[in-house]
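Overview (structure and organization)
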Amino acid sequence: MPKKKTTTKKITKKKIIKKKTVKKIVKKAIKKALDKPVVKKKKKYFFAVGKRKSAIAKIWLEFSRGNRGLFLINHKRMEDYFPFSSWQYKALESLKTVGQYKRFDVFAKVKGGGMSAQSEAVRLGISRALFKFNADFRKKLKRAGLLTRDPRVKERKKYGLKRARRAPQFSKR
């Protein structure tokens, strides 16, 4: 039998340099990780989601020691995001019902739907987060009807009709 030639792959300088640089980067990353403090103080948030029509609101409630009462929606102040007082009232209704208006910092991310639906989604999310914070709030929130999701959604359009139920105008002749 004839002998097979064995070929050995030659390692080029480029591959050696890449391996060395990777090792250096890893060593630097390990040093940085060791230099940083191990324990970071985390803030305690109470997270909840509220929905209304096609609006979805993600809510983070932070209990503040002082009377801060910060209320941000999509990184804007509530007064800027909801310009009408009726929308602002809907958003704050659950906090006022419980009597904790200035005791929490509220951070919300809202998307979808109109402004009215968004304010009601924020309200539901806040009331759910308050319930997670303290189970004693459930009675007041439930009595005010703030813990139930409003199931009403726009009805779909049917074929042969102009909208969900609106039929085309009948012509006798």
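The rules behind these values
Residues numbered from 1 in each chain as written. Predicted model: local features only at pLDDT ≥ 70, side-chain atom pairs only at ≥ 80, totals over all residues. Heavy atoms only, no water. Helix = DSSP H or I, 4+ residues; strand = E, 2+ residues; numbered from the N terminus. Contact = heavy atoms within 4.5 Å. Core = buried A, V, L, I, M, F, W, Y, C linked by side-chain atoms within 4.5 Å. Buried < 20%, exposed > 50% of the residue type's maximum accessible area, 1.4 Å probe, protein only. Pairing = 2+ DSSP bridges. Phe/Tyr/Trp six-rings, centres within 6.5 Å; stacked < 30°, edge-to-face > 60°.

Turning our eyes to something else, we now look at the side chain of Gln88. Turning to its location among the elements, Gln88 is positioned in helix α3 (residues 85-98). Look past the residues within four positions of Gln88 in its chain and what remains in contact with it is Met78, Glu79, Phe82 and Pro83.

Right, let's talk about the nonpolar core for a bit. Among the nonpolar cores identified, the biggest contains 30 residues, and Phe71 and Leu130 are the most heavily contacted of them. The set of elements that each furnish at least two residues to this core consists of β1 (45-52), β2 (55-63), β3 (71-73), α2 (78-81), α3, β5 (104-111) and α4 (115-133). For this core, the leading source of residues is α4, giving six residues. What Leu130 contacts, discounting residues up to four positions off in sequence, is Leu61, Ser94, Leu95, Val98, Phe104, Phe137 and Leu141.

Right, let's get into the environment of Gly113. Take Gly113: it is sitting in the loop between β5 and α4. In contact with Gly113, other than residues within four places in its own chain, are Ser54, Ala55 and Gln118.

The next thing to look at is the environment of Gly145. Within the secondary structure layout, Gly145 lies in the segment after α5 (138-143). Gly145 sits 51 residues away from Ser94 along the chain, and the two C-alpha atoms are 9.6 Å apart.

Looking at chain direction, β2 and β5 are connected through eight bridges and run antiparallel. Its bridge partner lying in β5, Ile56 is registered against Lys111. Taken together, the three bridges between β3 and β5 define a ladder with parallel strand orientation. Bridged to Leu72 within β5 is Phe107.

Two measures describe an aromatic ring pair: the distance that separates the ring centres and the angle between the ring planes. Taken as a whole, this structure holds 10 aromatic pairs when the rule is applied. Measuring from ring centre to ring centre gives 6.3 Å for Tyr45 and Phe107, while their planes differ by 70°; the resulting arrangement is edge-to-face. Of this pair, Tyr45 sits in strand β1 while Phe107 sits in strand β5; the two residues are 62 residues apart in sequence, bridging distant segments of the chain. Measuring from ring centre to ring centre gives 5.2 Å for Phe46 and Phe133, while their planes differ by 80°; the resulting arrangement is edge-to-face.

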